[in-house]
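# Overview (structure and organization)
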Amino acid sequence: MDSEGISPPFFEREKHVVFLQMMNQLLPSDYQVQEINRLTLAYFAISGLHILGALDQVDKEEVSSWVLSLQAHPRNDAELNSGQFFGFHGSRSSQFPRDDNGALIHNGSHLASTYCALAILKIIGYNFSCINSKSILTSMRHLQQSDGSFMPTHVGAEADLRFVFCAAAICSMLENWSGMDKEKAKEYILNCQSYDGGFGLIPGSESHEVRLLKVSPQGLLQPLFGREFLSPSLLSLVGTGGATYCAVASLQLMGFIEDDILSKSSSSSFINVQLLLDWSLQRQAADGGFQGRANKKVGGVLRILGAYKFIDEKALRRFLLTCQSRYGGFSKFPGHLPDIYHSYYGFSAFSMLEEPGLIPICVELGIADIAAAIGH
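Residues numbered from 1 in each chain as written. Predicted model: local features only at pLDDT ≥ 70, side-chain atom pairs only at ≥ 80, totals over all residues. Heavy atoms only, no water.

Another aspect to go through is the packing of helix α2 (residues 38-51) against helix α14 (residues 340-352). Across the interface, α2 lies against α14 with an axial gap of 10 Å and an inter-helix angle of 30 degrees. Considered as vectors, α2 and α14 are oriented roughly parallel to each other. Taken as a pair, α2 and α14 cross one another with a handedness that is left-handed. Together, L41, Y43, F44, A45, S47, G48 and I51 of α2 and I340, Y341, Y344, Y345, F347, S348 and S351 of α14 make up the contact between the two elements. Class assignment of the residues belonging to the contact of α2 with α14 gives a composition of 10 nonpolar, 4 polar and no charged. (Axes fitted to C-alpha atoms, helices over the stretch in contact; angles between N-to-C directions. Helix = DSSP H or I, 4+ residues; strand = E, 2+ residues; numbered from the N terminus. Parallel < 35°, antiparallel > 145°, perpendicular 65-115°, else oblique. Left-handed = near helix turned anticlockwise from the far one by under 90°. Contact = heavy atoms within 4.5 Å. Nonpolar A, V, L, I, M, F, W, Y, C, P; charged D, E, K, R; others polar.)

If you want it as structure tokens, here you go:
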């Protein structure tokens, strides 16, 4: 049930559409702390509306104009090759004008913001030939480290699987892999597989463990260490199962995971598929939900591996419905208020459960199948 009463026993699509319309048009004041992540929040709302079959509620021209206005552009080839990353900013507040000499005062473009920007443009059917993909891909190579990992910005930050996924998704959507060394990225991913079959964010770390967020009394995500800056990557990619999803989805996007991989002999695969499958299936708890967030990423891993049939779908559906608010949206736990983040993964879960009226999702890109297929 939610904070106001018993949750409905069925998926309430129309209320979810209204919830996402509100989130897309006017965010509640409690989301002010996440203004730096506005592009990521827009991705959740717009992609969610698409999965719900309500993309007609989005002003595509207005959205494309706003998203494109957040891209950083180099003045010339010298600036393009200066080591900076020319992707997309997360919001207007992280986008600074050039100084009187034309130089960028601060280029805050970010890999995760760039992934969200391209995903939104893909969803609304924008013509990618009009995007300055050369500056994105050329400058993105500067972010890849010698071990194959990626940093999210050129000014220095943590380098781990989240940003390998962002880079792979960006290259996939742009249909151009010149922005990364796939073999190096593959080796980094393989080094992140743990003894238990799951993946840690960096080599030697515990599988999936990235507990950097908490849920506020209002149902919003906040950093564990107060209200300091929270990058779009943490908002969109961390959490239980997140590192394993980033690893498997990246390998799938780069073409390293074979079709029907479960039927192949273990010796023919470069990852330990059996251990990965066992670890993933063990994430489903007794109440039907998956450890961490409601079907957040582990369900996606199982779908990519062709093993979704092994989960208890009825139990998962029951659990998800206990997290459904009667006003629309989903919460992290039963009895909590809904937020846009957990709502989006709730919609994704119901899409994979083949809820009538919902559009199938392309798990490895995090957008609807029909959007992912455009241009491919």
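Having put the structure on the table, let's press on.
In this section: unusual backbone geometry. Excluding glycine, most residues fall at negative phi; most peptide bonds, likewise, are trans. Phi at E175 is positive, roughly 55 degrees, even though this residue is not glycine. Judged by relative accessible area, which is 44%, E175 ranks as partly exposed. (Buried < 20%, exposed > 50% of the residue type's maximum accessible area, 1.4 Å probe, protein only.)

Right, let's talk about the packing of aromatic side chains for a bit. Summed over all chains, the structure comprises 15 aromatic pairs. Judged by centre distance (5.5 Å) and plane angle (55 degrees), the ring pair of Y43 and Y344 falls under tilted. Taken together, the residues Y43 in helix α2 and Y344 in helix α14 connect sequence positions 301 residues apart. In this structure, Y43 and Y344 share a single accessibility class: buried. Ring geometry for Y115 and F165: centres 5.4 Å apart, planes at 65 degrees, overall edge-to-face. (Phe/Tyr/Trp six-rings, centres within 6.5 Å; stacked < 30°, edge-to-face > 60°.)

This part covers helix α3 (residues 60-68). The complete set of buried residues in α3 reads V63, S64 and V67. Viewed along the axis of α3, the buried residues span an arc of 95 degrees, placing them on a single side of the element. Along α3, the residues that are exposed and aim more than 90 degrees away from the buried face are E61 and E62. If you follow the buried residues of α3, they end up packed against α2 and α5 (111-123). (Arc of directions from axis to C-beta.)

Here we take up the confidence of the model for the chain. Interpretation of the predicted coordinates at a detailed level should be avoided for regions scoring low in pLDDT. Summary statistics for the chain give a mean pLDDT of 83 and a share of 82% for residues scoring 70 or more. Between residues 209-241, whose pLDDT stays under 50, and residues either more than four places distant or in other chains, the model counts 96 contacts. (pLDDT = per-residue confidence, 0-100.)

Glancing now at the layout of surface pockets. Volume-wise, the largest pocket comes out at about 330 Å³. Taken together, 15 residues make up the lining of the largest pocket; nearest its centre are N24, Q25, R38, A42 and W66. When contributions to the lining of the largest pocket are tallied by element, the ones reaching two or more residues are α1 (13-25), α2 and α3. Broken down by element, the lining of the largest pocket gets its largest block of residues, 4 residues, from α2. Of the residues that constitute the lining of the largest pocket, the class distribution is 9 nonpolar, 3 polar and 3 charged. (1 Å grid on protein atoms, 1.4 Å probe; cavity = no way out; pocket = protein on both sides within 12 Å on 5 of 7 lines; lining within 4 Å. Points joined across faces, edges and corners; volume = space filled by probe spheres on them.)

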